[in-house]
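Chains, contacts and geometry: an overview
Each chain, written out:
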Amino acid sequence: MAAPLTLLLILAVTIRAALYRSSLADLIAERVEVVSPLTAWKRVVEGLALLDLGVSPYAGDVFHETPLIIYLFHFLVDYAEITFMVSAINDVFVVPIQFRKQKYALEAERYPLDCLELIRSPKEMYYIPLKVAMFYLLNPFTILSCVAKSTCGLNNAVIALFILTTIKGNVLLSAIFLSLATYQSIYPLTLCAPALLYLTQRQYIPVNFRRFSFWWFVAQYAFMYLGSLFVMICLSFFLLGSWDYLPSVYGFILSVPDLTPNIGLFWYFFAEMFEHFRLFFLCVFQINIFFYTIPLSIKLKEHPVFLIFMQLAVISIFKSYPTVGDIALYLAFLPVWSHLHRFLRNIFLVSCVLLACSALFPVLWHLWIYAGSANSNFYYAITLLFNVAQILLVSDYFYAFLRREHHLSYGLYLKRKDGSEATLVLK
Amino acid sequence: MAAHRCSRSALLLILCGLTLFTAADSQETTVNGGHHASAVKNPQTSTETADQTTEQPAVEERRWEATEVEEATPDDAAADKQDSPVPETVVLTSVPQPKDDFQEELVIRPLHSGDIYASFQFRTVWETDFTRGNKVSHYRLFPKSLGQVISKFSVRELHISFTQGYWRTMQWGQPFQPAPPGAELWVWFQDSVTDVDSTWKELTNVLSGIFCASLNFIDSTNTVQPSASFKPLGIGNVTDHRFLRYATLPREIVCTENLTPWKKLLPCGSKAGLAVLLKSEKLFHSSFHSQAVHIRPMCQDWECKTTSWELRQTLNVVFDLHTSAQGKREWSLFKMFSRTLTEACPLASSSKIYIDITDNPEGEQFEVSPATPLLSQASVLGDRRTFSVYDLTQQITFGTVRSLNLLIRWKSSEGDMLRPLLHGERYVAGYGLQTGEIHTLMYNYHPYRSFPVLLLDSVPWYLRLYIHTLTVTSKGKDNKPSYIHYQPSKDRVRPHLLEMLVQLPPNSVTEVTVQFERALLKWTEYTPDPNHGFYVGSSVISSLVPSIVAMDTNSTRERPLFSSFFPCKEESSYFVRVYTEPLLVNLPTPDFSMPYNVICLTCTVVAVGYGSLYNLLTRSFQIEEPNPGLAKRIANVIRKMRGVPPL
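Only a predicted model underlies this, so the values are computations on that prediction, with no experimental measurement involved. Counting restarts for each chain: residues are numbered from 1 in the order of the written sequence. The naming scheme follows written order: chains are lettered A onward, ligands numbered 1 onward. Local features in a predicted model are, by the rule used here, given only for residues with pLDDT of at least 70; side-chain atom pairs are given and counted only at 80 or more, and totals for whole chains, interfaces and linings are based on all residues. To obtain the side-chain values, all non-hydrogen atoms of the structure were used and water was disregarded.

Considerations on the nonpolar core
Let me state the cut-off plainly: Throughout this description, the term nonpolar core refers to a set of buried Ala, Val, Leu, Ile, Met, Phe, Trp, Tyr and Cys residues connected via side-chain atoms within 4.5 Å. Each residue is placed in one exposure class: buried if its accessible area under a 1.4 Å probe, protein chains only, is under 20% of its type's maximum, exposed if it is over 50%, and partly exposed if it falls in between. The way it works is that DSSP assigns letters per residue, a run of H or I at least four long becomes a helix, a run of E at least two long becomes a strand, and they are numbered from the N terminus.
Core analysis: the biggest nonpolar cluster contains 204 residues, and A:Y330, A:W337 and A:F398 have the highest contact counts within it. With 15 residues, helix 19 (residues 376–410) of chain A is the single largest residue contributor to this core. Counting residues in hydrophobic clusters, the runner-up holds 92 residues, among them B:F130, B:L249, B:I295 and B:L456.

Next up, the structure:
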């Protein structure tokens, strides 16, 4: 296990190092699919330059990272390598999550006999961490994002640390990393629910709204979470000496003033929006991201790890400035759900569409921006298709997960009353 | 106090004699008389100082300076003639009005490219104070519309210019009054103004009405507060740039509708004097046209105890006479303006035409007719120039035909121009609609002196500048600016402002580059012709350029108007402002025909996401029951009606 993992790490580092040294790095760093106004390295450098000029980095509308990030890079001289290293370490951290996952799946002993083929063998489980690491480290999306020095890598690292500490059962660290992730970009706020569900499950506290122990635990977690968030916000205030960063970071994420094209749904929609409906649709689109938390946590309250996956996917599809780095994070979970593959309905179609879209992004961008022979609709069409494919992918996994759960409790080969083979439908 | 009483008794006398005047009028005059009684002795002292200072310059100059002083009384008489009613002469002679003075002049400079540069200047100086609490309500020469603007908005200085075309420094030399293409407005407010931004907004709207221009499009997105480039040109020690606003509209088209209100501000309108030449059909058939209004407070005398307000209206025009004269190199006033001059403006204390003959001392290049014996020398823009002077207040100038039609006939086309020492250029580099780079080139042609220049760039927010990519290189080496003032833009709120002080090495080109990113705007934020591109205003290069000749530092001395615009603090250098070309930058555009489609399609995708999750969240798996056939279903309905259990 250790040897292949080391080999994988060396391979991943080599690829990244080679790309850093090549002339492709500058090209990749300019790609709108890889960097967003929030995460672009160029903008971080601009923020540092403004800081050197004695101007607040938030005085302008170029820098939108959080104050802690800019001070982190202000004190770290070796900027380029650090992002790269953190991004690599991040993935190594994601790996052990799956060790925990094993135990969880092994409990499946108590299911009906004919479901045995649904349950993963320990041998399969053994290779899952390696597969996850491979899926993340060698994913072209991650590599691109890392080579472009997108700060998205740092966000992913924080979220991975949060998942790790949650699964290890460390309440304090989990709360701290979650608040750090929230502080970086508001959306991980929705990961509160799966964290609470997982931690209560681990500590054998029943999720019962009438029980005091449940509320006490929620209060504890909320206190730790809000406390560390408060500390971070105050720390930023004291570093900068002003609250300028709040509208510049969070206002920027929520009100979407920068319509630079990206792979998300926001940019063209709000570029073409009628002025008097702008606020309404802005609210609808932002609430849309947070809205899924409640029904998903109710439905998946027994399976918080899958809930984390769903939340991450929803965030990365519907967030205001998505990049391929965000997608890479939830794609890394896919090997964990390898046992669902037999229930996936249209994985072939979806993966073809995703691949085709990834190839078409640069082509249509070139046609629009450089060749002038296409217009914005071409690029927009591809972002639409890409997002539809992602939605289908996620809902397909959700469907497969629910179906497996159903089979686990009712048996794999269901029969109709008259003894013929039954087909399952959603009703 | 005695003077005060005296003036009051004189007023009483007038009031008795004056039956035509209404009560309101008389009130106004008392206010004026009372207020200005203390300033009675000023005209005398100022003429005295003028006399003293005229002793030093060249002989030729003294000739017209002397006539200047004598002229004062005929001018008044002429003014009275204009205003005709007899009793008013009594008013003007017995009660001293606040002294105002109007001068007009036209400078004609044949350019080496074969073009003709004509520069009109009209100056009204009024010894009054708009800023004190009392209202100034009696206007004589000063236009009332502008006077009210000054007092209402507490303006300290106002400079506005409308320009069509770009001044080609390398072919034409330095202009007397530089101006960027389009409209430019910069205003210093009094430090008593509390809300400068709203005052500025109101002021631009009022000026927009006065000049029939789109100045109302000036808002916070194209207004900057330069920290060093635009210092007050008049007196004033307030240099806190919070009271300064600067804006340009590079896209503004200047035409007749701007010229007409501008001409109306002149005391004689376009009826008499030099202004009769300002016919729009000729003025706008030119290579370059620039008209400006400058208002500033000035010292009345050398000691600067009292201030007066100066209104300077300038109009610069460059005619391309090659095309209009069918290859013949000769021109006349009639050819240029389709008018000849017959008289000076009767209200003007001085009315002169200067023709630059520096390059033509022996008449070998061109020939001017009618010839004039009057010559004048002035040091302007770092050079001592010689001018032939035609004094329009002298009847002899018009000769026997009672009209003046200056004629220049070129003899040879050789000769080289004195190259301007400072020159600027700008362009956008890069391709595609994603990023780009602004290059600004600053040329120092001085053979051995280096001098510092202030570069001001105001770039709209939709070109996002990356200040960390700023490079300044001269002669292949990095040239670090000694001062940088950078204000980053805020989306839809304010533009980028970049000001820096760069030392230009002798005989060199300094290149300033900065990268930018083009933003995608909301579809309503594009101009009606979005693929034409967006204009970025000119960079402003301001500098004190080392002078070859000693400059005139005395600001109160009588000088030709064209040489006295920029105040000169020291003899060894002179102030120059150079404007670069405006930029035209393309931005990526959305498809403007698509808003409904985009809203529908994006909402559909969101709905697909919502729908599929909703489906999975709310439904549960069930074993599919076989679908009963249509006949069976109908039979079941019938059975249900009959009350029989279904099949």
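Section: the packing of aromatic side chains
The description of an aromatic ring pair rests on the distance of the ring centres and on the angle between the ring planes. This is how the line gets drawn: In this scheme Phe, Tyr and Trp rings, the latter by its six-membered ring, pair at centre separations within 6.5 Å, and the angle between planes marks the pair as stacked below 30 degrees, edge-to-face above 60, and tilted otherwise. Placement of a positive charge over a ring is assigned whenever Lys NZ or Arg CZ falls within 6 Å of the ring centre and within 35 degrees of the normal to the ring plane.
This structure, assessed with the given rule, holds 71 aromatic pairs over all chains. Ring-pair connections join several aromatic residues into one group, and the members of that group are A:W267, A:Y268, A:F361, A:W365, A:W368, A:Y379, A:Y380 and A:F386. For the cation-ring pair, A:K42 lies above B:Y466, with the distance from its terminal atom to the ring centre recorded as 4.3 Å. The cationic tip of B:R419 hangs over the ring face of B:Y445; the distance from NZ or CZ to the ring centre is 4.1 Å.

A look at the state of the cysteines
Test applied: Two cysteine sulfurs form what is called a disulfide whenever their separation falls within 2.5 Å.
Within the structure shown, the criterion is met by one disulfide over all chains. Through a disulfide, B:C268 is tied to B:C345; the S-S separation comes to 1.7 Å. Note on the B:C268 and B:C345 pair: the S-S dihedral is about 65°, so by sign convention the disulfide is right-handed. Here B:C345 lies in the loop between helix 13 (333–337) and strand 10 (350–356) and B:C268 lies in the loop between helix 10 (256–264) and helix 11 (280–283), a separation of 77 residues in the sequence. B:C345 carries the same exposure label as B:C268, and that label is buried. Here A:C152 stays free of any disulfide, with the sulfur of A:C146 as its closest cysteine sulfur at 11 Å. In this structure B:C255 is not part of a disulfide, and its nearest cysteine sulfur, from B:C212, lies 12 Å away. Looking at B:C255, the relative accessible area reads 30%, which means it is partly exposed.

Quick look at the side chain of B:T163
Residues and elements named next belong to chain B. Note the following rule: Residues are treated as being in contact if the distance between any of their heavy atoms lies within 4.5 Å.
Take T163: it is sitting in strand 3 (residues 155–164). Of the residues examined, T163 reaches a relative accessible area of 1% and is grouped as buried. With sequence-adjacent residues up to four places away left out, T163 is seen in contact with A179, P180, P181, G182, E252, V254, F288, H289 and S290.

Concerning the interface of chain A and chain B
Going by this rule: Take the accessible area each of two parts loses on contact, using a 1.4 Å probe, and add the two losses: that sum is the buried area. By salt bridge we mean one thing: a side-chain nitrogen of Lys or Arg within 4 Å of a carboxyl oxygen of Asp or Glu.
Each side of the interface is counted separately: chain A has 70 residues, and chain B has 55 residues. Note on chain A versus chain B: buried area summed over both sides is about 5,900 Å², and carbon and sulfur give 66% of it. Summed over the three residues of chain A that lose the most area to chain B, namely A:E272, A:L426 and A:K427, the buried surface amounts to 11% of that side. Where chain A meets chain B, there are two salt bridges.

Comments concerning the pairing of strand 13 (residues 383–391) of chain B
All names here are of chain B. What counts, and what does not: Strands are labelled as partners when DSSP assigns at least two bridges between them.
The buried fraction of strand 13 amounts to eight of the nine residues, a majority that puts the element mostly inside the structure. Pairing of strand 10 with strand 13, which is carried by five bridges, proceeds in the antiparallel orientation. Residue D356 lies in a different strand from strand 13, and its bridge partner there is F387. Hairpin connection from strand 12 (residues 375–380) to strand 13: two residues lie between these consecutive antiparallel strands, with L381 at a positive phi of about 50°.

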